[in-house]
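# A structural walkthrough
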Amino acid sequence: MSGVEHADDTTPEIRPAALEGLDERLIDQLVGQARAGGLKLTGEGGMLQQLTKRLLESALEGEITDHLGYDKHDPAGRGTGNSRNGTRSKTVLTDVGPVEIDVPRDRESSFEPRIVAKRQKRLTGVDEMVISLSAKGLTTGEISAHLAEVYGAEVSRQTISTITDKVVEGMTEWQNRPLDVVYPVVFIDAIHVKVRDGQVANRPIHVAMAVTCEGQRDILGLWAGDGGEGAKYWLHVLTELRNRGVADVLMVVCDGLTGLPDAVTTVWPRTIVQTCIVHLLRNSFRYAGRQHWDAIAKALKPVYTAPTEAAAKERFAEFADAWGARYPAIVRLWDNAWAEFVPFLAFDVEIRRVICSTNAIESVNARIRRAVKARGHFPNEQAALKCVYLAIMSLDPTGTGRKRWMMRWKPALNAFEIAFDGRLAVGRK
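Residues numbered from 1 in each chain as written. Predicted model: local features only at pLDDT ≥ 70, side-chain atom pairs only at ≥ 80, totals over all residues. Heavy atoms only, no water.

Turning next to the overall build of the protein chain. Helix and strand counts for the protein chain stand at 16 helices and seven strands. Classification of the 429 residues of the protein chain by burial places 44% in the buried group. Long-range pairs, those at least 24 residues apart, make up 63% of the contacts in the protein chain between residues at least 6 apart in sequence. Carbon and sulfur atoms make up 52% of the accessible area of the protein chain, which totals about 23,600 Å². (Helix = DSSP H or I, 4+ residues; strand = E, 2+ residues; numbered from the N terminus. Buried < 20%, exposed > 50% of the residue type's maximum accessible area, 1.4 Å probe, protein only. Contact = heavy atoms within 4.5 Å. Areas by Shrake-Rupley, 256 points an atom, 1.4 Å probe, with all protein chains shown as cover.)

What follows is the structure, given as structure tokens:
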């Protein structure tokens, strides 16, 4: 049922909260006059633009009154040494389009307006709109065209780029923020972006996403790589996380990243590294003909659903007998990944369900990829990181995803608490 009931003889009409405290009769009168006079409510010259102009000018008049200490035309201002000195016109871009306003001045030029500061050409709502559109994957050209079409405002690509550059400072602060002491699971995956550094090349941006002890999703950070990351690189990344407060991680789930298991053992000796089963299957299909994918998937399922490691070995031996002669590379792939494949077989179904793949982070990466794909390629690494950061900041704006996550993770967290001898309790203190 909706939170707003239909008005009738016995139920008072519920008005939007934004109208509370306003004179509704005055609003109705203004709208009626606008319609009677043929005045548009929106668009260039419309009532909203005129109201915005009046409101801004009234606020500015109030500011200069506070600055000078007396009202306009008040005799008390005589002989005070400073006084009003007319106005100057400027156009500011607002949520309802460009609005020309008259900004009051004083003779000493000491008045510093705050609601529309000197040299300010946009109100903050416009900056937020540009950043939101950028986070959804629109290019600077598309944002510029959108503002021109919807608001009749000419905003250059350079201006839009300058607005979005403001997030870099916030990104740096976010990347260095303190983290929780303990995380049940950290998923590490990479998305690939095209960066023009001399020549256009694919570059990975690694995303670390954790699940907190309360079952919430937490993106821990972003790290750009060159595609040849080894143990030294991962040791740097994980040491950074430890220095930000992460003392313990129960499990790290990843896609067979070279050098990562050794780095995990160095930083968090008790942490279990688990290979993503979905990625292992995908990599298996790369060595097989398309006509055999279904048969191979059916033959491998008993391996990763086996009740124990010993049973998994038996099922894998059967797979190798059936398919090893045709596709020896698949057998070699699973042999090489076996040490990081089997850990989850020691846990019950609740833990298996959430750690056997990086599907949890894949949904995040899908959103990121949409934003990245719209850009084509990036001029440098920083521009790529900024795009990914904006996409992450726009995740789950309503909070419904957070609620689903918490519900989904409750059974698994209870199982983690038992399986890992109360190590999660440290994170809840």
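Next comes the rest of the description.
Going through the model one piece at a time under the given rule, you end up with eight salt bridges. Linking Glu 381 and Arg 203 is a salt bridge whose minimum nitrogen-to-oxygen distance equals 2.7 Å. Note that Glu 381 is positioned in helix α15 (residues 381–393) and Arg 203 in strand β4 (residues 199–211), a separation of 178 residues in sequence. Note on Arg 203: relative accessible area 18%, which makes it buried. Between Arg 315 and Glu 318 there is a salt bridge whose closest N-O contact spans 2.9 Å. With Arg 315 and Glu 318 both in helix α11 (residues 309–323) and three residues apart, this pair spans about one turn of that helix. For Glu 318, a relative accessible area of 44% gives the class partly exposed. (Salt bridge = Lys/Arg side-chain N within 4 Å of Asp/Glu carboxyl O.)

Burial of helix α9 (residues 277–285) is extensive: seven of the nine residues sit out of reach of the surface. All buried positions along α9 are accounted for by Ile 277, His 279, Leu 280, Leu 281, Asn 283, Ser 284 and Phe 285.

Looking now at the sheet that holds strand β6 (residues 248–254). The sheet built from five strands is open, its strands ordered β5-β4-β3-β6-β7 with mixed pairing. The open sheet terminates on both sides in strands that have one partner only, identified here as β5 (217–224) and β7 (272–275). Averaged over all pairs of adjacent strands, the angle between strand axes in this sheet comes to 25 degrees, irrespective of strand direction. Where β4 and β5 come together, seven bridges link them in antiparallel fashion. Directly across from Ile 205, in β5, lies its bridge partner Ala 224. (Pairing = 2+ DSSP bridges. Axes fitted to C-alpha atoms, helices over the stretch in contact; angles between N-to-C directions.)

At a minimum axis separation of 7 Å, helix α10 (residues 293–304) and α11 run at an interaxial angle of 155 degrees. The pairing of α10 with α11 is recorded here as roughly antiparallel in orientation. For the pair α10 and α11, the contacting residues are Ala 295, Ile 296, Ala 299, Leu 300, Pro 302 and Val 303 in the first and Ala 312, Arg 315, Phe 316, Phe 319 and Trp 323 in the second. Residues belonging to the contact of α10 with α11 are distributed by class as follows: 10 nonpolar, no polar and one charged. (Parallel < 35°, antiparallel > 145°, perpendicular 65-115°, else oblique. Nonpolar A, V, L, I, M, F, W, Y, C, P; charged D, E, K, R; others polar.)

It is worth spelling out the packing of aromatic side chains at this point. Enumeration according to the criterion identifies 12 aromatic pairs in this entry. With a centroid separation of 5.9 Å and 65 degrees between ring planes, the pair formed by Phe 341 and Phe 344 is classed as edge-to-face. In this structure, Phe 341 and Phe 344 share a single accessibility class: buried. A network of ring pairs unites the aromatic residues Phe 316, Phe 319, Trp 334, Trp 338, Phe 341 and Phe 344 as a single cluster. Arg 352 extends its terminal NZ or CZ atom over the ring of Phe 344, reaching a point 5.6 Å from the ring centre. (Phe/Tyr/Trp six-rings, centres within 6.5 Å; stacked < 30°, edge-to-face > 60°. Lys NZ or Arg CZ within 6 Å of the ring centre and 35° of its normal.)

Quick look at empty space enclosed by the protein now. Under the criterion given, the structure shown has one cavity of 30 Å³ or more. Lining the largest cavity are Val 193, Val 195, Arg 203, Pro 204, Ile 205, Ala 224, Glu 381, Ala 384 and Leu 385. For the lining of the largest cavity, the secondary-structure elements that each account for two or more residues are β3 (182–197), β4 and α15. (1 Å grid on protein atoms, 1.4 Å probe; cavity = no way out; pocket = protein on both sides within 12 Å on 5 of 7 lines; lining within 4 Å. Points joined across faces, edges and corners; volume = space filled by probe spheres on them.)

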